[in-house]
Structures are given as structure tokens and as C-alpha cells.
Amino acid sequence: MDRQSDRPSRTVAHGTPLVVGRAREQVFLREELAAAIGGNGRLILLGGEAGIGKTTLANDIAREATARGATVLAGHCFDLTNTPPYGPWLDLVAGYRPTDTLPPPPATFAGGTLTGITSQAALFAEVRGFVAALAATRPAVIVLEDLHWADPASLELLRHIAPHIGALPLLLVATYRVDELTRRHPFYQQLPALVREAGGLRLDLRRLDGDALGALVAGRFALPPDDTARLVEYLERHAEGNPLFATELLRALQEELRLRPTDTGWTLAELDRVVMPSLLLQVIDGRVARLGEETRQPLAIAAVIGQDVALDLWETVAGLGDEELLAIVEQAVEAHLLEATHDGTRVRFVHALTREALYEGVLPPRRRIWHRQVAAVLAAGANPDPDAVAFHLQEAGDPAAVEWLIRAGERAQRAYAWLTAIDRFTAAAHLLAGVAGKERMRGWLLLRIARLRRMSSPGDAIADAEEAERLAQRVGDEFLRADAHYSRGLLHCYADDLARGVQLIEEGVALHEARTDPDEVPFGPTELWLADALPAERSDRATGTNEGEAALRARGIHHRRASMVWFPALAGRLADAVRIGEDFVAVAETVGNPGGLVRSATGHAYHGLGCAHAWLGRPDQARQAFVRARETYDVLDHHGVIAFSLLTEVRDVAIPYLTDHPAERRRLATAAELALQRAGGAFSSGVMPTLGRLSCLAIDGGWDEAMRIVEETPLPGNALLRRELTDTLAYVAYRRGDTDVVRAQVAALLPEGPHTPPGGPIHQEALFLQRLAADAAIDDGDLPLARDWLEAHDRWLAWSGGVLGRADGDLLWARWHRAAGDPDHARLCAAAARTLAADPRQPLALLSADRLLGILATDLGSAAGAERHLVASLALADDCAAPYERALTLLAIAELRVKTDRRAEADALLAEVRAICTSLGATPTADRVASLAAVLTGHAVESYPLGLTHREVEVLQLVAKGLTDAEVAGRLYISPRTVSQHLRSIYNKLDVPSRAAATRFAVEHGLT
């Protein structure tokens, strides 16, 4: 269907669209349209302030696309209304009509309503298939307008579609207001990923300059030069470069006959008073006034209805007959206030600012009355949109808004648009605040909000759960009280406070198991209100427990007990987790018809068992448990926890135990990425599915890509996703020599340093950071601090009974003893580490142990022993496809070759190590290569002031010459990011704040 006629651009007398000051943007758009018609699709992001001309440009390229035979579809978001989940996509297909050649629209969006969602992934695949089928018929242009008003689910869908259009004859144009975006705005957070993942072109429109305004005037009016200059000066002063304001000012001057045609051209009267478009309100008010008072009120009612106005709704609310309404529409279209849609059933305001100005011109009491009338008409219709009804009832101050907000929230929850659902339920809970007799409903709403927020903003949701518990105690609802207490614990766990969280979970489970009342939510299906099972598992029963819940209760077990497996396991209470988990699944697996809540709980129990077995050194049992967890979650379409299960299996099973099976870790990482994508509507905005590949990228050597993902991803609200970011950041930062970053990560998770007690943070993450802290302390020569960290590591392992991490700990003790000048103890510890790494087999620890044993043998002059260990280490590093580990082992072999006077071989080995370290940005290892290379060439290793390394001096010398980071990177064949890391280290060592100060130091110390 061709929708370009829905929003025509303003035209000059001969009907030719007039677009000025946008030559650059038009060139880009036309080039991209030509490329799309040729089969190379692209996403274009048009940004700018209100009235800057985004829609005009979008319409211009849509019009040209239509002229070239393309199909054009447009979807809009509208302010002053609650855009429903997938709002612009629904609008896109609302008036779409398939033909013999055009494919049917997505069934989920059929008729512009949201129905039949069983899986977000299925919905995304359906829309993607529709887009591909549409483009297969002939080239297509899709315009999505005003995405600054889009709901998070719409943005997630855009992020899914955009990367797949590159091979399609499809141009996807999205417009947004830059002045509406804040750092917390979902679209602001999505922009970098959209540009990167889709290869999108971002065009931010600036205000028009004097030349462009001159072209605007010259293109419309044949004025004498003096008059042209006066008019352009007038526009510069009062329109401030905004094309909409400029156009409206010109139209107002025409309507007041200050700018009018003559027989020979145009004439301009004195501009002794200004129609200030602040301004625009006066312009629109004046235009409406000229239409007559009998037209003002109907137009104001239309503004209350919304940006997009159905004629039948307008007619009913305004109490007008067909002919009366059509007369008003014709006048408003002639006055450039409205435009009619192609199908003749709706009108739209020419610009959102036009509608806003009319809306603000209505007294608030009258607006409330009209909103109530609009809501009543909408609610009485077939399949009413709950978001629209709820919005109008809210604006009317009508208590019935609560019911419709809950309906809207439930629709969003079923559509996996959890962030939108949270907004709707929060609005409903706010309306119930202080309302006598509604405490129970408000308490359940707050609990529902808190549980939906557990994956996106658990720390912020704790207050909601606390208030729900207070309300439960006030009204005597024991079920609500117990689950709110339990959910507070869940939220603390997701918010990185496992010690407090596990305590509250245990207390909440005790409250549940002491209750005698049934698990009943009086306002709808229990499973839906508790937000455990996802939409595919939605129960049709209103209240009551099902067979599975009853069977557990008969054994004195509440289904919430399963969380006493997963979260205590994360905290390191491994024996408790295994005991409770095995008992729980033994009972849960015997009940028939378990229902969504028991199924979800069973998945959690298996998930916790997977964590515990992995950390207890039982990789096979761990994998079996994770598979059982995912099989259970899959029945529920519970993609968020499926993603958590896969991420944990990658990091705590595949990488430590199956490192020499790289294809398996990558398979799991790909599955985690897909699960994160499917669950995207439950996470905070900006969380990218690419988090799923971070741990693999660290091992595989994709450090630049990993750091880009880390830097472009806002910190996720929940601990399980945060771990992926912070662990990868710490891993890469240490190997790149950025120890300040490592210390910051350690301090954030272990605020009391080596004296931080176990049980609070995620146990394996804490052990990993303790080892990094010990490594950094040994590098700094601070052996007492390193010893404190290693002793803490031993205490934590003993406390938990864990196995994973013991071999790594012994390796660090060996390194510590070597640094302390005790080679005998170093060899004993390294040998013990190798034994531990062999059973259960941990390839990374095993190759590190062999490497260290080879280095220690080299120290002793035992070339044969060193060779044996280092060859084994190198073979295993290659099996693991771990380039950095290969580089470290090659460096150790090169040092052995130097000791045995095989210098040519050493030189060749160092060349490979240097190449690997350069590509990774592994600065400390590169410095070791430089030192050894200096020995090979017979040059003494230079000593630089204040501990500067050779590479840091190279960077400093180039900076002192005035080179930028990018230029320094080009000279040294390293990345600009690595240059920045070197500079931070230089500033710290020299205790200087800037490049200029560092340059002065270089000059004063003869380093230039």
C-alpha cells in the first residue's frame, strides 16, 4: 500500500515540494534510495529538534521512492498518548491492504491490534518475514516517525529488523527529536547499537542558516531584492533557523496580507509587528480564529483525541453530523492544520506542534470532560485499545483508569514488553495511593511491578516490594505478605546483595510454608500477577492452586523454596544448594500437571544445581542440570532465565572445563545471544544480546570487539548480566596494563578488600577478582598485599567447599613464591596446581601450570624439563584456540631459547608474540618482548624515569611532537584505545594532569 500521500509536504504554487538547506541530506538519502532499489538496504536515522524538517525530508524521499515504483509504508508514534507496545509497527500495518502481489501483514498486528503473541522471538521473526516478503515484491521504503515517543518493545523490534535489511531492496527511515532524549531515554540508549549493528546512517538536522532561509523565500516569492533581504532578516530573527517556524511565519504574513501577490510578483508590507511563533501558539490560534468559533471547538476536541484522529470517533464525541464534520475537515485541511489519510477514515494534524498548541489552548476543566467522553466512546467500541482508553481516563481524572491501565499492562506483559507493562502498572498503583479500600489491590500491583523489574532495575524495585509488604500486613493478606518478603530477597540477589537477599528469601519461604491460606490473587490469574511464567503459560483460572502446587504443599514445600537452590549457590553455599535442590526436584518431578509456577521453580532448582555442581568440580553433572533447567524454562518461554543459564554454563563450565572444545563454548554463547534477544523486552534499555559472546571473545582474542560492547552497553540492572560486562572488562584491562580499571572493579565488588567476607557477591566472580588483585599486587612488587589476597582466596574456597579456582589459586601462590625468591615452594605449588587442574580437567589452568613449571625449570637451567612442559602448554593453548595464552607460552619458550643460546629461534618466536600482542593491545607482555629483544640485539635495556616502560616512552615521544591518539596509534601499529590506556598510565606515573604537562616532562628529561 502506498502511504506517502498520508503526510504531504507543503508545496509551492506549481506543486513541487520545496526543501531548502538540506542539499547534503538529500544527496545522502537519494544515494541510499538508489542503493536500496539495487538491493543494498540501509537504516537511516533522521534526528533534530521539533519542526526542524525531519518529516519533510522523510516525505521527500518517500515521494521520490513512490515515483520510482517502490512501496512506501509509514508508522507513527504520537505524543500526549500512551503509545501501546509496538505502537509505530501497529500503525504501519493498520491501513495496509495486501494484494495479489503484496504479502499479508503479520498476523500479530492484523488490523492494527496486538493479538496472539506466544513468543517475542516468533513475533520478531514474523515481522522480519513480512518485511522481507514486502521487499521481494518490489523495492520498499518504511518510515517510522517520532521514535522518541516509541515504547521499548518497538525499539527492540527495530533493532532486530534493521541488521537484516542490508541484502534487501529496502530503505528504513526513522525520525526522532534529539531535544526529547535524555541519557535514560530508551531510544538514546539504543542509538549506538542501531548505528553499529545495522550499519545505520545517522543524519542530525541543524537549523537553517541565512542562505537557506533566502532560498526558502526566493523559491516561494518573487520579491524585489530589498524586500527579500528584509523578509530573510525577519525570519532569521524570529524563526531562529527552524523551518517549521519560518514556514508558519510566512503563512501568517500571507494571511494578514502583509505578504501578497501583485500583477508583477509579490510585495512585502512593513514588518512593524511580529507574529511570534513562541510563538507557534499565536500563529495557530490566529489561523483557527479565521476559520470561525464554530470550528475552534471541534478542532480542540480533535486535539484532545490525539495526533491521529478517527473521523467516526471525532464525529461522536463532538456531536456532529457527517456534513458538518466534513466541512470542518475541509476548512482545516485548506488552512494547513489537518491532512486527510488516503483511506478517508482518519485525519492527522500536520505537525505535532500544531496539535500541542490547540490542546494547550483548551482550559484544563474542559479538557478533562472531553477526555472522559473520548474514553467512553473508545471503551464502548469493539476490541478497544486499553492504552488509549487508559490515557484518556487518566487525563480525565477518572478512577476507572486503574482498570484500563491494568489491562494495558497485561497486554504489554503478554507481548514481552515488560518495561511498558511496568509503566502501566506503576501509573495504576499511583492512582490508588491513599484511596481507602484499595490497599490490597495497590499492594498486589506494587508486587507485580517489583517482580517485573527484577531483570531490569531490581535495586529500584526493592522499595515497591517493601511497600507491598507493608500494605499486606495492614490488610491481613498473608499470601501477599509472604511473597513480598520473598520477592524483596529476590530483588536484593539480582541487585548484587546476595547475603541480604538469601536471608530474605529464606524468611519469605518460611512465611509461605507456615501459611494455611491458598495461593490466590483476587484480581486475576495468579501466575500472571506473580510474573513468573511468561505469556505462553498464562493460566485461564482466576484463583486457586493447581495440582502441582497442591502436591508440593502437601509435602510441606512451597514452590518458592527452589530459589533457595539458585541464589545460595551463587553466593557460594554449595552444599546447601545441592541438598535443597536435589530434595526439591525429587518431589517436583513426580507431580502431574505442575503448572507454570511449579515448572518455573523446578527450572530454578536445576539452574542452582548446575551452578553448584560446576563450582564443586562436577562439570558433567552441571551440564546435565543446566540442560534440564533450559528444557523446563523452554516450556514456559522463559527466555530471560534461559539466557542466564547459558551465560553461566559458558563462563563456569565451558571455559574452565571445556576450553579445548572452542566450538562448544561458541555454540553456547550463540544460544545465549539468541535468548537475550528473545528476552529483550524484560531487560533495561540498551542491554545488547551481544553480551552473550563476551566471555568467548575474551578467550578467543576478540578484545577490541569485547571492549566496544562493554563501553557501549549501559550497566545492566541485574547482577547476572553485570557480571558479563565487569568480568570481561577486568580480564582485558589487566592484560592491557590498565590496572586502575582492575582495582576499580575489585573495589566495587569487594569493598573491604581482602577482608570482605564471603556470601555477599557472586562467589566465582569474587574469586576471579581476588586472583586479579593478587596478580596486580605481584606485578607492583607489593607481596604483602598479594599474600592478603591469596589468603582471602583460600578462605573463600574453604568456606564454600568449592573446587573450581583451587588450581588457579595454587598457580598464583607459585608465582608469589617465585617473586619472593623461593623457587622450591614455587615448584611445589605449581606441581600441586597441575595435579588439581588435571582432575577435574581444566585446560586453561593445566596449560598455565605447565607454562609456569617450564619457566621455573628455565630458571634452574633444566632445559629438557622446561622444554617438555612448555611444548605441552603450547599444544594445549592451540587446542583451546586462545591466542593470548599462546603468546605467553611462546614468550616463555623464547626465554628458554635465549638461555640455551638459540637466538635465531628466539627472535622468530618474539616476532610472533609481538604480532599477537599488537593485535590484542597486550601492553605489559609487549614490553617484556621489547626487553628480551633488546637482550638479543646486545643492547642494554634502557632505564626510564619513574618506572616508565619502553612503549610508554615511545607514546610520550610522539605525543610530545603534537600527534593525536589516532596518529600515535598509526605510527606504533596499535589501537587508539591502547594509546589512551598508555597515556593514563603515563599521567599516573608522572603525576601530571594533561598532555601538555607530560610533554614538558619529556622535554625536561631529554625523552624527546
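Residues numbered from 1 in each chain as written. Predicted model: local features only at pLDDT ≥ 70, side-chain atom pairs only at ≥ 80, totals over all residues. Heavy atoms only, no water.

Novice: Got a sec to walk through the overall build of the protein? Specific residues and values, please.
Specialist: When helices and strands are tallied, the protein shows 47 helices and 10 strands. Taking 1008 residues into account, the globule formula puts the C-alpha radius of gyration at 30 Å, and the protein, at 33 Å, falls close to it. Projected onto its principal axes, the C-alpha positions of the protein cover 105 × 80 × 55 Å. Within the protein, the proportion of its 1008 residues that are buried is 60%. For the protein, contacts bridging at least 24 residues in sequence account for 70% of all contacts bridging at least 6. Looking at the protein as shown, the accessible area adds up to about 37900 Å², and 52% of this sits on carbon and sulfur atoms. Across the protein, the 106 positively charged side chains and the 133 negatively charged ones have centroids separated by 2 Å. (Helix = DSSP H or I, 4+ residues; strand = E, 2+ residues; numbered from the N terminus. Rg over C-alpha atoms; globule rule 2.2 N^0.38 Å. Buried < 20%, exposed > 50% of the residue type's maximum accessible area, 1.4 Å probe, protein only. Contact = heavy atoms within 4.5 Å. Areas by Shrake-Rupley, 256 points an atom, 1.4 Å probe, with all protein chains shown as cover. Lys, Arg positive; Asp, Glu negative; His and termini not counted. Charge placed at Lys NZ, Arg CZ, Asp CG, Glu CD.)

Novice: Summarise the packing of helix 19 (residues 439-452) against helix 20 (residues 458-475); cite the residues concerned and give the values.
Specialist: Each pair of packed helices gets described by two things: the angle between the helix axes and the distance between those axes. Two numbers describe how helix 19 lies on helix 20: the axes approach to 8 Å, and their chain directions differ by 155°. By the angle between their directions, the pair helix 19 and helix 20 is classed as roughly antiparallel. As helix 19 packs across helix 20, the resulting crossing turns out to be left-handed. Touching Glu439, Arg440, Arg442, Gly443, Leu446, Leu447, Ile449 and Ala450 of helix 19 are Ala461, Asp464, Ala465, Glu467, Ala468, Leu471, Arg474 and Val475, all from helix 20. (Axes fitted to C-alpha atoms, helices over the stretch in contact; angles between N-to-C directions. Parallel < 35°, antiparallel > 145°, perpendicular 65-115°, else oblique. Left-handed = near helix turned anticlockwise from the far one by under 90°.)

Novice: Lay out the pairing of strand 1 (residues 42-48) with the relevant residues and their values.
Specialist: Counting buried positions along strand 1 yields six of seven residues, so the element is predominantly enclosed. Across seven bridges, the pairing between strand 1 and strand 4 (residues 170-177) is parallel. Bridging across to strand 4, Leu45 finds its partner in Ala174. Bridge analysis of strand 1 against strand 5 (residues 201-204) gives four bridges, and the strand direction is parallel. From the neighbouring strand, Ile44 faces strand 5, where its bridge partner is Leu201. (Pairing = 2+ DSSP bridges.)

Novice: Go over the sheet that holds strand 10 (residues 346-349), please, and point to the residues and values.
Specialist: Strand order in this open sheet of three strands is 8-10-9, and the pairing throughout is antiparallel. In the strand order of this sheet, the two ends are held by strand 8 (308-310) and strand 9 (338-340), each with one partner. Across the sheet, the mean angle from the axis of one strand to that of its neighbour is 30°, orientation sign disregarded. Where strand 9 and strand 10 come together, three bridges link them in antiparallel fashion. Across the sheet, the residue bridging to Ala340 is Val347, located in strand 10. Those strands touched by helix 12 (residues 311-318) are strand 8, strand 9 and strand 10, and its axis lies near 75° from that of strand 8.

Novice: Give me unusual backbone geometry: which residues, what numbers.
Specialist: Negative phi values dominate among residues other than glycine, just as trans dominates among peptide bonds. Asp839 connects to Pro840 through a cis peptide bond whose omega is -5°. Here Pro840 lies in the loop between helix 38 (823-838) and helix 39 (843-860). In this structure, Asp496 takes a positive phi of about 80° despite not being glycine. Mapped onto the fold, Asp496 is located in the loop between helix 21 (478-494) and helix 22 (498-514). Positioned with a positive phi, Asp637 is a non-glycine residue whose angle comes to about 60°. On the secondary structure map, Asp637 appears in the loop between helix 28 (619-636) and helix 29 (639-657).

Novice: Explain helix 18 (residues 418-432) to me, using residue names and the numbers behind them.
Specialist: Between its first and last C-alpha atoms helix 18 spans 21 Å; for 15 residues at 1.5 Å apiece the expected length is 21 Å, and the two agree. The set of residues buried in helix 18 consists of Trp418, Leu419, Thr420, Ala421, Ile422, Arg424, Phe425, Ala428, Ala429 and Leu432. Packed against the buried residues of helix 18 are helix 5 (152-161), helix 16 (386-396), helix 17 (401-414) and helix 19. Directly beyond the C-terminal end of helix 18, a positive phi value near 80° is found at Gly434. (Expected span 1.5 Å × (residues − 1).)

Novice: Account for the sheet that holds strand 1, naming residues and giving values.
Specialist: With parallel pairing, five strands are arranged side by side in an open sheet as 2-3-4-1-5. If you trace the sheet from one side to the other, it starts and ends with strand 2 (71-76) and strand 5, each paired once. Taking the axes of each pair of neighbouring strands and ignoring which way they run, one obtains an average angle of 15° across the sheet.

Novice: Quick one: what's the story with the nonpolar core, residue by residue and with numbers?
Specialist: Tyr86, Trp89, Phe109 and Phe567 are the most contacted members of the largest nonpolar core, which totals 240 residues. Ranked by residues supplied to this core, first place goes to helix 29 with 11 residues. Those residues within four positions of Phe567 in sequence are excluded, and the remaining contacts are Leu490, Cys493, Tyr494, Leu498, Val502 and Ile505. (Core = buried A, V, L, I, M, F, W, Y, C linked by side-chain atoms within 4.5 Å.)

Novice: Lay out the state of the cysteines in plain terms, naming residues and giving numbers.
Specialist: The full count for this structure, using the stated rule, is zero disulfides. Just so you know, Cys917 is unpaired, no disulfide at all, and the nearest cysteine sulfur is the one on Cys880, 18 Å from it. On the basis of relative accessible area, Cys917 is assigned to the buried category, the value being 2%. (Disulfide = S-S within 2.5 Å.)

Novice: Could you give an account of the pattern of salt bridges, naming the residues involved and the relevant values?
Specialist: Across all of its chains, the model carries 67 salt bridges by this definition. The shortest N-O distance in the salt bridge between Arg665 and Asp700 comes to 2.6 Å. Within this pair, whereas Arg665 is found in helix 30 (residues 662-678), its partner Asp700 is found in helix 31 (residues 694-700), the two being separated by 35 residues in sequence. Between Arg736 and Asp704 there is a salt bridge, with its nearest N and O atoms 2.6 Å apart. (Salt bridge = Lys/Arg side-chain N within 4 Å of Asp/Glu carboxyl O.)

Novice: Which residues make up the pairing of strand 2, and what values do they have?
Specialist: Within strand 2, six of the six residues are buried, leaving the element largely enclosed by the surrounding structure. Burial along strand 2 is two-sided: the residues Thr71, Leu73 and Gly75 and Val72, Ala74 and His76 are all buried. In this sheet, strand 3 (residues 140-145) lies alongside strand 2 in parallel orientation, the contact comprising six bridges. Note on strand 3: the bridge partner recorded for Thr71 is Ala140.

Novice: Lay out the side chain of Thr925 in plain terms, naming residues and giving numbers.
Specialist: For Thr925, the location among the structural elements is in helix 43 (residues 923-936). At a separation of 3.1 Å, a polar atom in the side chain of Thr925 contacts the side chain of Tyr884. In this structure, Thr925 is in contact with Tyr884, Leu888, Leu891, Val913 and Cys917, ignoring residues within four places of it in sequence. (Polar contact = N/O pair within 3.5 Å; in protein donor to acceptor, adjacent residues only side chain to side chain.)

Novice: Residue-level account of the environment of Pro823, with values.
Specialist: With respect to the secondary-structure elements, Pro823 resides in helix 38. Given a relative accessible area of 40%, Pro823 falls into the partly exposed group. Measuring from C-alpha to C-alpha, the distance between Pro823 and Ala857 comes to 9.6 Å, with 34 residues separating the pair along the chain.

Novice: Describe the packing of helix 5 against helix 6 (residues 186-198), listing the residues and the values that go with them.
Specialist: Between helix 5 and helix 6, whose axes approach to 10 Å, the crossing angle comes to 5°. Looking at the two axes, helix 5 sits roughly parallel to helix 6. Residue-level contacts link Pro152, Leu155, Glu156, Leu158 and Arg159 of helix 5 to Pro186, Phe187, Gln190, Ala193, Leu194 and Glu197 of helix 6. Taken together, the residues of the contact of helix 5 with helix 6 break down into seven nonpolar, one polar and three charged. (Nonpolar A, V, L, I, M, F, W, Y, C, P; charged D, E, K, R; others polar.)

Novice: Give a detailed account of the packing of aromatic side chains, specifying residues and quantitative values.
Specialist: According to the stated counting rule, one finds 15 aromatic pairs in the structure shown. Among the aromatic side chains, those forming a connected cluster through ring pairs are Tyr494, Trp566, Phe567, Phe644 and Phe683. In this structure, Arg407 is placed above the aromatic ring of Trp404, and the distance from its NZ or CZ to the ring centre is 4.1 Å. A cation over a ring is seen here: Arg448 above Trp529, with NZ or CZ 4.4 Å from the ring centre. (Phe/Tyr/Trp six-rings, centres within 6.5 Å; stacked < 30°, edge-to-face > 60°. Lys NZ or Arg CZ within 6 Å of the ring centre and 35° of its normal.)

Novice: Could you give an account of the side chain of Thr659, naming the residues involved and the relevant values?
Specialist: Turning to its location among the elements, Thr659 is positioned in the loop between helix 29 and helix 30. From its side chain, Thr659 meets the backbone oxygen of Ile655 in a polar contact 2.3 Å long. Apart from the residues within four sequence positions on either side, Thr659 is in contact with Ala654, Arg665, Ile699, Pro843, Leu844, Asp879 and Cys880.

Novice: Tell me about the confidence of the model for the protein, residues and numbers included.
Specialist: Here the protein averages 88 in pLDDT, and 93% of its residues register 70 or above. Long-range and interchain partners of residues 1-17, a stretch whose pLDDT sits below 50, account for 55 contacts in this model, where long-range means more than four residues apart. (pLDDT = per-residue confidence, 0-100.)

Novice: So what's going on with the environment of Thr228? Which residues, and what values?
Specialist: Mapped onto the elements of the fold, Thr228 is located in helix 8 (residues 225-239). Here the alpha-carbon distance between Thr228 and Ala1002, two residues 774 residues apart in the chain, equals 59 Å. At 3.5 Å, the side chain of Thr228 and the backbone oxygen of Leu223 are in polar contact.

Novice: Which residues make up helix 26 (residues 574-588), and what values go with them?
Specialist: Its 15 residues give helix 26 an end-to-end C-alpha distance of 21 Å, which sits within 8% of 21 Å, the value for a rise of 1.5 Å per residue. All buried positions along helix 26 are accounted for by Leu574, Ala577, Val578, Ile580, Gly581, Phe584, Val585, Val587 and Ala588. Of the surrounding secondary structure, the elements contacted by the buried residues of helix 26 are helix 24 (547-554), helix 25 (563-571), helix 27 (595-615) and helix 36 (783-800).

Novice: Go over the environment of Gly801, please, and point to the residues and values.
Specialist: Within the secondary structure, Gly801 is located in the loop between helix 36 and helix 37 (806-819). A sequence separation of 186 residues divides Gly801 from Trp615, and the C-alpha atoms of the two residues are 8.8 Å apart. Filtering out sequence-adjacent residues up to four positions away, Gly801 remains in contact with Leu616 and Arg806.

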